[in-house]
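# Observations on the three-dimensional arrangement
One-letter residues, chain by chain:
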Amino acid sequence: MTLGLARLRNLLGMLAVLALALYTHPATAQQRQPNSVNPTASAVSEDQLLQQLKTIRGLGTIPDTKSYTIEQPAGRDWREFHEVTLRWIGAVAILGILALIIVFYLTRGMVRLESGRSGQVIVRFNAAERFVHWMTASCFIVLALSGLNVTFGKKLLLPLMSPESFTAWSEAAKYAHNYLSFPFTLGVVLIFLMWIAGNLPNRVDVDWLKRGGGMIGHDHPPAERFNAGQKLIYWIVVLGGGALAVSGYVLIFPFYGTDIASMQSAEMVHAIIAMLFVAAMLGHIYIGTIGMEGAFEAMGSGTVDLNWAKEHHSLWLEQEEKRSREAAVPPHTTVAPGE
Ligand code: HEM
C-alpha cells in the first residue's frame, strides 16, 4: 500500500515535470497568436517588443526609477529628431547662410568707405563695451563649436579621428560648454542693459529698411547709433541668447522640476535656436569684417573714422557733435596717417 502510494506520487511528479516542459517548449510558443511576441525568443527584435509593449522596463536597485525604462516610443522620436531632423535644420541654416554670404560678397563686394578716410576719429565703443562684446563673443564661439560637436561630431569628426581622441575632445568640449555658459549668460545680460537705449525700434529704422540699409547700390540712409540691421542682431542676441541660457540650464540641471518629456523639449528648443543663432552670427561676423570697410575698428580700437560715421551713422554723429559742443569737449581726435 505504502509502495503503491509512493509510485503514484512519483508518477504525478513526472507528469507535472512533463507538463511544464511542454508548456515552455517552442512548439507551444508557435501556437501563440500570430502578432504576439515571445520576449524570450532569441530572434525577437527590439522593434517588435516596443510595438507590442510600448515601453520596455527593467528592474533596478538605484533610487532613480526613471533609469529602469530602457526604451519608450518618445525616446525613439527624440532620437530621430537628434540624429536626422536637427542635422538637416543645422546644415540648411548654417550652409545656407554661408552660401548667401559668398554670393553676396561675390556680387556686391565689400561696402567701401566712399568718401575716403578723413584722418579724424570718433569714439564709438568704450573699453567696457568692447570687453563685454569680446567676452560674450569668445564664449559664443566656444559654445557654438562645442555644441555643434554634440550634434555633428559623431557623424563628421569621429570618422576622421581615433575613438580615444574623439572622446577626449568631446569631454573637453562638454566641460567648456557647461562652464562657459556662465560668462556667456552674464555677457548677454550686460549687452541687454548696456545697449537697450539705442536699440528700441523707431521710424528711422523703417526708412533705413525701405532703402535696403545702403547695402545695395551706393545709398547711405541715415541711422542713429545703431541701424535697423544692428538692432535686429541685438534682439537676436538678447532673446536668442536668453532662450539658449534658460533651455541650457534646464539641460545642465536635469529633472529639477522637469520630466523626460520636458527635458526632450528643452533640448529641441535649445538645439534649434542654437542653429539659427549660429547662422545669424555668421552674418554679423561677415558685416563686421570683410563685408564693410572700417567696421571692425569700431570694436577693435573702439574708434571709427569720421567719414565712416558720416556715411553709416549720420544721425549719431550729429548727436555726438551736439553733445560735445554743449559740454565744450572736442568730439573727435585727429590721428596720424597709418595710425
Ligand atoms: C547659457 C548658455 C548655454 C547653456 C547653459 C548650454 C547648455 C547646453 C547643454 C547642457 C547641452 C546638452 C549637451 C549634451 O547633450 O551633452 C547643450 C547642447 C547644445 N548647445 Fe548649448 N548651452 C548654452 C549656450 C549655447 C550657445 C550659445 C550655443 C550656440 C550658439 C549652443 C549650442 C548648443 C548645441 C548645438 C547643442 C547640441 C544640441 C544637440 O545636438 O542635442 N549652446 N547646451
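Look up: the structure comes first, before these words.
Below, the structure is looked at part by part. (Residues numbered from 1 in each chain as written. Predicted model: local features only at pLDDT ≥ 70, side-chain atom pairs only at ≥ 80, totals over all residues. Heavy atoms only, no water.)

Around the ligand sit 27 residues, and of these His82, Thr151, His177, Glu267 and His270 come closest. At 2.9 Å from an oxygen atom of the ligand is found a side-chain nitrogen or oxygen belonging to histidine 82. The contact in question runs from a nitrogen atom of the ligand to an N or O atom on the side chain of histidine 270, over 2.7 Å. The pocket occupied by the ligand, as judged from atoms lying within 2 Å of grid points, is the second largest pocket. Residue composition of the shell around the ligand, by class: 17 nonpolar, 8 polar and 2 charged. (Near = heavy atom within 4 Å. Polar contact = N/O pair within 3.5 Å; in protein donor to acceptor, adjacent residues only side chain to side chain. 1 Å grid on protein atoms, 1.4 Å probe; cavity = no way out; pocket = protein on both sides within 12 Å on 5 of 7 lines; lining within 4 Å. Sits in = over half its atoms within 2 Å of the grid points. Nonpolar A, V, L, I, M, F, W, Y, C, P; charged D, E, K, R; others polar.)

For the coordinates displayed, the defined rule picks out 12 salt bridges. Two residues, arginine 112 and glutamate 293, come together in a salt bridge whose shortest N-O distance is 3.7 Å. Here arginine 112 is found in the loop between α4 (73–108) and β3 (120–123), whereas its partner glutamate 293 is found in the loop between α9 (260–288) and α10 (295–300), with 181 residues between them in sequence. Across the pair arginine 211 and aspartate 207 runs a salt bridge whose closest N-O atoms are separated by 3.5 Å. For aspartate 207, a relative accessible area of 32% puts it in the partly exposed group. Through salt bridges with shared partners, a single network forms among Glu83, Arg87 and Lys154. (Salt bridge = Lys/Arg side-chain N within 4 Å of Asp/Glu carboxyl O. Helix = DSSP H or I, 4+ residues; strand = E, 2+ residues; numbered from the N terminus. Buried < 20%, exposed > 50% of the residue type's maximum accessible area, 1.4 Å probe, protein only.)

Unfilled space is identified by rolling a water-sized probe across the atoms. Put simply, the second largest pocket is a space of about 1100 Å³. In this structure, the second largest pocket is lined by 48 residues; those nearest its centre are Val150, Lys174, Leu251, Glu267 and His270. The leading source of residues in the lining of the second largest pocket is helix α5 (residues 127–156), at 11 residues. Across the lining of the second largest pocket, the residue classes break down as 23 nonpolar, 17 polar and 8 charged. (Points joined across faces, edges and corners; volume = space filled by probe spheres on them.)

Attention now goes to the packing of α5 against helix α6 (residues 163–195). Working note: a packed helix pair is described by the angle between its axes plus the distance between those axes. Direction vectors running N to C along α5 and α6 enclose 145°, while the axes themselves pass 7 Å from each other. For the pair α5 and α6, the crossing hand works out as left-handed. (Axes fitted to C-alpha atoms, helices over the stretch in contact; angles between N-to-C directions. Left-handed = near helix turned anticlockwise from the far one by under 90°.)

Glancing now at the environment of alanine 243. Its location among the elements puts alanine 243 in helix α8 (residues 228–252). Sequence spacing of alanine 243 and isoleucine 273 is 30 residues, and the spatial spacing of their C-alpha atoms is 7.8 Å.

Now for a nonpolar patch on the surface. Taken together, the side chains of Tyr175, Tyr179, Phe182, Phe253 and Tyr256 present a nonpolar region at the surface, about 650 Å² in accessible area. Relative to the assigned elements, tyrosine 179 resides in helix α6. (Patch = residues over 30% accessible without salt bridge, like charges linked within 9 Å, V, L, I, M, F, W, Y side chains within 5 Å. Areas by Shrake-Rupley, 256 points an atom, 1.4 Å probe, with all protein chains shown as cover.)

A word on the side chain of asparagine 199. Secondary-structure assignment places asparagine 199 in the loop between α6 and α7 (203–210). Every residue in contact with asparagine 199, bar those within four places of it in the chain, is listed here: Phe226, Gln230, Lys231, Tyr234 and Trp235. (Contact = heavy atoms within 4.5 Å.)

Another point: the coordination of the iron atom of the ligand. Coordination of the iron atom of the ligand by the protein is provided by His177 (NE2) and His270 (NE2), with metal-donor distances spanning 2.0 to 2.1 Å. One can describe the donor arrangement at the iron atom of the ligand as octahedral, given that its 6 donor atoms subtend angles of 83 to 179° at the metal. Of this pair, histidine 177 sits in helix α6 while histidine 270 sits in helix α9, and the two are 93 residues apart along the sequence. (Donors = N, O, S within 2.8 Å, 3.2 Å for Na, K, Ca; no water. Tetrahedral: all angles 85-135°; square planar, octahedral: opposite > 155°, others 65-115°.)

Once that is clear, we can look at the nonpolar core. One finds Ile122, Phe140, Phe184, Trp195, Phe277 and Val304 to be the most contacted residues of the largest nonpolar core, which totals 39 residues. Secondary-structure elements contributing two or more residues to this core are α4, α5, α6, α8, α9, α10, α11 (306–312) and α12 (314–327). The element best represented in this core is α5, accounting for 6 residues. Apart from residues no more than four positions distant in its own chain, phenylalanine 140 is found in contact with Phe184, Phe277, Val278 and Met281. (Core = buried A, V, L, I, M, F, W, Y, C linked by side-chain atoms within 4.5 Å.)

As a further point, take unusual backbone geometry. The phi dihedral of phenylalanine 255 falls on the positive side, at around 65°, and the residue is not glycine. Relative to the helices and strands, phenylalanine 255 resides in the loop between α8 and α9. On the accessibility criterion, phenylalanine 255 (34% relative accessible area) is partly exposed.

Once that is clear, we can look at α8. Taking 1.5 Å per residue as the helical rise, α8 with its 25 residues ought to reach 36 Å, and the 35 Å between its terminal C-alpha atoms agrees with that figure. Of the residues making up α8, those classed as buried are Ala228, Lys231, Ile233, Tyr234, Val237, Val238, Gly240, Gly241, Leu244, Ala245, Ser247 and Gly248. Summarising the contacts, the buried residues of α8 are in contact with α6, α7 and α9. The residue sitting at the N-terminus of α8 and contributing the capping side-chain oxygen is asparagine 227; that oxygen lies 3.1 Å from the backbone nitrogen of glycine 229. (Expected span 1.5 Å × (residues − 1).)

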